Amino acid sequence: EAQVTQNPRYLITVTGKKLTVTCSQNMNHEYMSWYRQDPGLGLRQIYYSMNVEVTDKGDVPEGYKVSRKEKRNFPLILESPSPNQTSLYFCASSFRQGAATNEKLFFGSGTQLSVL
Amino acid sequence: GQNIDQPTEMTATEGAIVQINCTYQTSGFNGLFWYQQHAGEAPTFLSYNVLDGLEEKGRFSSFLSRSKGYSYLLLKELQMKDSASYLCARLTTDSWGKLQFGAGTQVVVTP
């Protein structure tokens, strides 16, 4: 089944304890992206990747890191989480994004993160 | 959402029609998406417009006016399962791959 898999679904942690949220897609998509969703603010893009080893900042990249060593995986790393990073996080992928082709996004099920 | 405006909430009766408007910054515009998101779930794709005009897909239609920075999503013959948040998202040429979402419009369908 074609899907985007995020883990974990729920995560409670404490300030400063490094964590990684994993994201994997099995559709051979070139484009992957991370979003956070907060009430009243909608989805805000954190980082995106146009292809392997190509990543770029979205609108709210501070406090986050990403890597794209393989096409299927795009983990989100919080080196030193803080309470203002408490949010619902979504990973998404599409075949590609760019000037000539704009493809719909497939989203993972989300990760609800609480930083105490 | 940044530079994207849509109403916060709309209420309509089952069987009725609802139109959700979205206005956005026109500079660097490269296409507009609509997504549906049920409570506690991930967004799912509804439509994509890059040229002016109306795109129809069953009960849902989406319209775009590039010059006016305006789009709408039309939901016809509303069903209870249409109660959800509807997200407008703008693709920008400022940086390929950057997608900006509006805050979403919560549609409540009543019996």
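These numbers come from a predicted model, not from an experiment.

Novice: Any chance you could break down the overall build of chain A for me, citing the residues and the numbers?
Specialist: Secondary structure assignment for chain A yields zero helices and 11 strands. At 13 Å, chain A has a C-alpha radius of gyration in line with the 13 Å of a compact globule built from 116 residues. Projected onto its principal axes, the C-alpha positions of chain A cover 40 × 25 × 25 Å. Within chain A, the fraction of its 116 residues that count as buried is 50%. Once local pairs closer than 6 in sequence are excluded, the contacts in chain A between residues at least 24 apart make up 55%. Of the roughly 5400 Å² that chain A leaves accessible, carbon and sulfur atoms contribute 51%. Side-chain charges of chain A comprise 13 positive and 10 negative groups, with the mean position of each set lying 4 Å from the other.

Novice: Requested: an account of unusual backbone geometry, with residues and values cited.
Specialist: For the bond running from A:Asn7 to A:Pro8, omega is 0°, close enough to zero to count as cis. Mapped onto the fold, A:Pro8 is located in the loop between strand S1 (4–7) and strand S2 (10–13). One non-glycine residue, A:Glu53, lies in positive phi territory at about 65°. For A:Glu53, a relative accessible area of 61% puts it in the exposed group. Even without being glycine, B:Glu77 reaches a positive phi, approximately 45°. You can see B:Glu77 is positioned in the loop between strand S8 (70–75) and strand S9 (84–92). For B:Glu77, a relative accessible area of 54% translates into the label exposed.

Novice: With reference to specific residues and values, describe the sheet that holds S8(B).
Specialist: All names here are of chain B. What the five strands build is an open sheet, ordered S1-S3-S8-S7-S6; its pairing is antiparallel. Looking at strand neighbours, the two that pair on one side only are strand S1 (4–5) and strand S6 (53–57), the edges of this open sheet. Two elements, strand S7 (residues 60–65) and S8, share six bridges in a ladder whose sense is antiparallel. Pairing of Ser-65 across the sheet is with Tyr-70, part of S8.

Novice: Hey, could you go over a nonpolar patch on the surface for me, with residue numbers and the actual values?
Specialist: All names here are of chain A. Together, Ile-12, Val-14 and Leu-116 line one region of the surface with nonpolar side chains, adding up to about 330 Å² of accessible area. With respect to the element layout, Leu-116 can be found in the segment after strand S11 (111–115). The class of Leu-116 is exposed, set by a relative accessible area of 61%.

Novice: Summarise the nonpolar core; cite the residues concerned and give the values.
Specialist: Counting 20 residues, the largest nonpolar core has B:Ile20, B:Leu32, B:Trp34, B:Leu73, B:Leu75 and B:Tyr86 as its most contacted members. Here this core gets four residues from one element, more than from any other, and that element is strand S3 (residues 18–24) of chain B. Those residues within four positions of B:Tyr86 in sequence are excluded, and the remaining contacts are B:Gln6, B:Ile20, B:Trp34, B:Tyr35, B:Gln36, B:Leu46, B:Phe60, B:Leu73, B:Leu75, B:Gly104, B:Thr105 and B:Val107. Core analysis: the next-biggest nonpolar cluster, separate from the first, contains 19 residues, A:Leu19, A:Met27, A:Met32 and A:Ile46 among them.

Novice: Just give me the short version of the pattern of salt bridges, but keep the residues and values in it.
Specialist: In total, this model carries six salt bridges over all chains according to the counting rule given. Notably, a salt bridge pairs A:Glu79 with A:Lys65, separated by 2.9 Å at the nearest N-O pair. Here A:Lys65 lies in strand S7 (residues 65–66) and A:Glu79 lies in the loop between strand S8 (76–78) and strand S9 (87–94), a separation of 14 residues in the sequence. Look at A:Lys65 and you get partly exposed, because its relative accessible area is 41%. Two residues, B:Asp82 and B:Arg59, come together in a salt bridge whose shortest N-O distance is 2.7 Å. Of this pair, B:Asp82 sits in the loop between S8 and S9 while B:Arg59 sits in the loop between S6 and S7, and the two are 23 residues apart along the sequence. Shared partners join several salt bridges into a network, and the residues in it are A:Lys18, A:Lys65 and A:Glu79.

Parameters and conventions
- Residues numbered from 1 in each chain as written.
- Chains lettered and ligands numbered in written order.
- Predicted model: local features only at pLDDT ≥ 70, side-chain atom pairs only at ≥ 80, totals over all residues.
- Heavy atoms only, no water.
- Helix = DSSP H or I, 4+ residues; strand = E, 2+ residues; numbered from the N terminus.
- Rg over C-alpha atoms; globule rule 2.2 N^0.38 Å.
- Buried < 20%, exposed > 50% of the residue type's maximum accessible area, 1.4 Å probe, protein only.
- Contact = heavy atoms within 4.5 Å.
- Areas by Shrake-Rupley, 256 points an atom, 1.4 Å probe, with all protein chains shown as cover.
- Lys, Arg positive; Asp, Glu negative; His and termini not counted.
- Charge placed at Lys NZ, Arg CZ, Asp CG, Glu CD.
- Pairing = 2+ DSSP bridges.
- Patch = residues over 30% accessible without salt bridge, like charges linked within 9 Å, V, L, I, M, F, W, Y side chains within 5 Å.
- Salt bridge = Lys/Arg side-chain N within 4 Å of Asp/Glu carboxyl O.
- Core = buried A, V, L, I, M, F, W, Y, C linked by side-chain atoms within 4.5 Å.

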